[in-house]
Amino acid sequence: MNRIEAPRPPVIVVMGVSGCGKSTVGQMLANALAAPYIEGDDLHSQENVERMRAGIALDDAQRSDWLQALATHLAAAYDQRRPLVVSCSALKRVYRDILRSGAPALRLVHLQGTRAVLAARSAQREGHYMPVSLLDSQIATLEPPQADENVLTFDVTQAPQEIVQQTMAVLRASVALTDPL
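Residues numbered from 1 in each chain as written. Predicted model: local features only at pLDDT ≥ 70, side-chain atom pairs only at ≥ 80, totals over all residues. Heavy atoms only, no water.

A.B. asks: Is there a simple way to explain the overall build of the chain in this structure?
C.D. replies: Looking only at helices and strands, the chain features seven helices and five strands. Shown N-terminal to C-terminal, the secondary structure of the chain runs as helices and strands in the order β-α-β-α-α-β-α-β-α-α-β-α. Scored against the burial criterion, the 181 residues of the chain give a buried share of 41%. Considering only contacts within the chain whose residues lie at least 6 apart along the sequence, 78% involve residues at least 24 apart. Surface exposure of the chain reaches about 9400 Å², of which carbon and sulfur atoms provide 53%. (Helix = DSSP H or I, 4+ residues; strand = E, 2+ residues; numbered from the N terminus. Buried < 20%, exposed > 50% of the residue type's maximum accessible area, 1.4 Å probe, protein only. Contact = heavy atoms within 4.5 Å. Areas by Shrake-Rupley, 256 points an atom, 1.4 Å probe, with all protein chains shown as cover.)

Spelled out as structure tokens, the structure:
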């Protein structure tokens, strides 16, 4: 007898360059899903935080342990069939491949905007270690996700509530499509 498996709860990374609203959208999306939320910035080493605070962009090697830590959380949620929302810049395809290594059905929510909008938003943030001066390096590093990466892309000028509502609509539709008739 074939057993039909229930759809997996969503495991999501809200991604984009600094100032795009990852934390805001990520927290709101986690609330809408009744899912745990992990602020990716909280998993950076103190050494990396100090580098960024000093305006020094991280290289791939410096991001490696951070990405592995996030990937471990994503894989655990996927394996345990628990929903999870994580905010993470995930600037390069290779970074996203690390994140999805243990969570193959990982869904990306990519927040994008113009440099002017992102710089203005970054300048208004208080208490964050990421200076506006690193925005250009993040924009230069960003490899926008491709269609094969299970991505939803939104303009940051949309209200966060709209982004969350549209994401939830897509998630509901994908679950409905997998339900047996």
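A.B. asks: I tried to follow the pairing of strand β1 (residues 11–15) on my own but got confused; where do I start?
C.D. replies: If a strand is regular, its side chains alternate between the two faces of the sheet. Counting buried residues along β1, five of its five residues qualify, which places the element largely inside the surrounding structure. Neither face of β1 is left uncovered, since the one carrying V11, V13 and M15 and the one carrying I12 and V14 both have all their residues buried. Bridge count for β1 against strand β3 (residues 84–87) is four bridges, and the pairing is parallel. Residue V14 lies in a different strand from β3, and its bridge partner there is S87. (Pairing = 2+ DSSP bridges.)

A.B. asks: What am I meant to see in the sheet that holds β3 here?
C.D. replies: Backbone hydrogen bonds hold the strands of a sheet together, and the pairing may be parallel or antiparallel. If you trace the five strands from one edge of the open sheet to the other, you get β2-β3-β1-β4-β5, paired in parallel fashion. Looking along the sheet, the strands with just one partner apiece sit at the ends: β2 (37–39) and β5 (151–155). Direction aside, neighbouring strands of the sheet carry axes that sit 15° apart on average. Sheet topology note: the β2/β3 ladder contains three bridges and is parallel. (Axes fitted to C-alpha atoms, helices over the stretch in contact; angles between N-to-C directions.)

A.B. asks: Mind showing me how you'd approach the pattern of salt bridges here?
C.D. replies: This structure, assessed with the given rule, holds 10 salt bridges. When the shortest N-O distance is used, the salt bridge between E149 and R100 registers 3.0 Å. Placement of E149 in the loop between α6 (135–141) and β5 and of R100 in helix α4 (residues 93–100) is noted, with a sequence separation of 49 residues between them. The exposure class assigned to E149 is buried, which follows from its relative accessible area of 1%. Across the pair R115 and D136 runs a salt bridge whose closest N-O atoms are separated by 2.6 Å. Of this pair, R115 sits in helix α5 (residues 115–124) while D136 is found in helix α6, placing the two residues 21 residues apart along the sequence. We classify D136 as partly exposed; its relative accessible area is 40%. Beyond isolated ion pairs, a larger network of salt bridges with shared partners links R93, R96, D97, R100, D148 and E149. (Salt bridge = Lys/Arg side-chain N within 4 Å of Asp/Glu carboxyl O.)

A.B. asks: Before we go on, may I ask you to explain the confidence of the model for the chain in this structure?
C.D. replies: The predicted coordinates should not be examined in detail at positions where pLDDT is low. The predicted model of the chain has a mean per-residue pLDDT of 89, with 88% of residues at 70 or higher. A low-confidence stretch, residues 177–181 (pLDDT under 50), is modelled with three contacts involving residues beyond four sequence positions or located in other chains. (pLDDT = per-residue confidence, 0-100.)

A.B. asks: Looking at this structure, I do not really get the packing of helix α3 (residues 60–79) against α4. What am I missing?
C.D. replies: Helix-helix packing is characterised by the crossing angle of the two axes and by the distance between the axes. Contact geometry for α3 and α4: axes closest at 8 Å, N-to-C directions at 30°. Classed by the angle they form, the pair α3 and α4 counts as roughly parallel. Crossing handedness for the pair α3 and α4: right-handed. Packed against α3, whose contacting residues are D60, R63, L67, Q68, L70, A71 and L74, the element α4 presents Y95, I98 and L99 at the interface. Split by residue class, the contact of α3 with α4 holds seven nonpolar, one polar and two charged. (Parallel < 35°, antiparallel > 145°, perpendicular 65-115°, else oblique. Left-handed = near helix turned anticlockwise from the far one by under 90°. Nonpolar A, V, L, I, M, F, W, Y, C, P; charged D, E, K, R; others polar.)

A.B. asks: Where do I start with the side chain of N48 in this structure?
C.D. replies: Along the chain, N48 falls in helix α2 (residues 46–53). For N48, a relative accessible area of 4% puts it in the buried group. Here R51 takes part through its side chain, which lies 2.6 Å from a polar atom of the side chain of N48. Once you skip the residues sitting within four places of it in the chain, N48 turns out to touch L58 and Q62. (Polar contact = N/O pair within 3.5 Å; in protein donor to acceptor, adjacent residues only side chain to side chain.)

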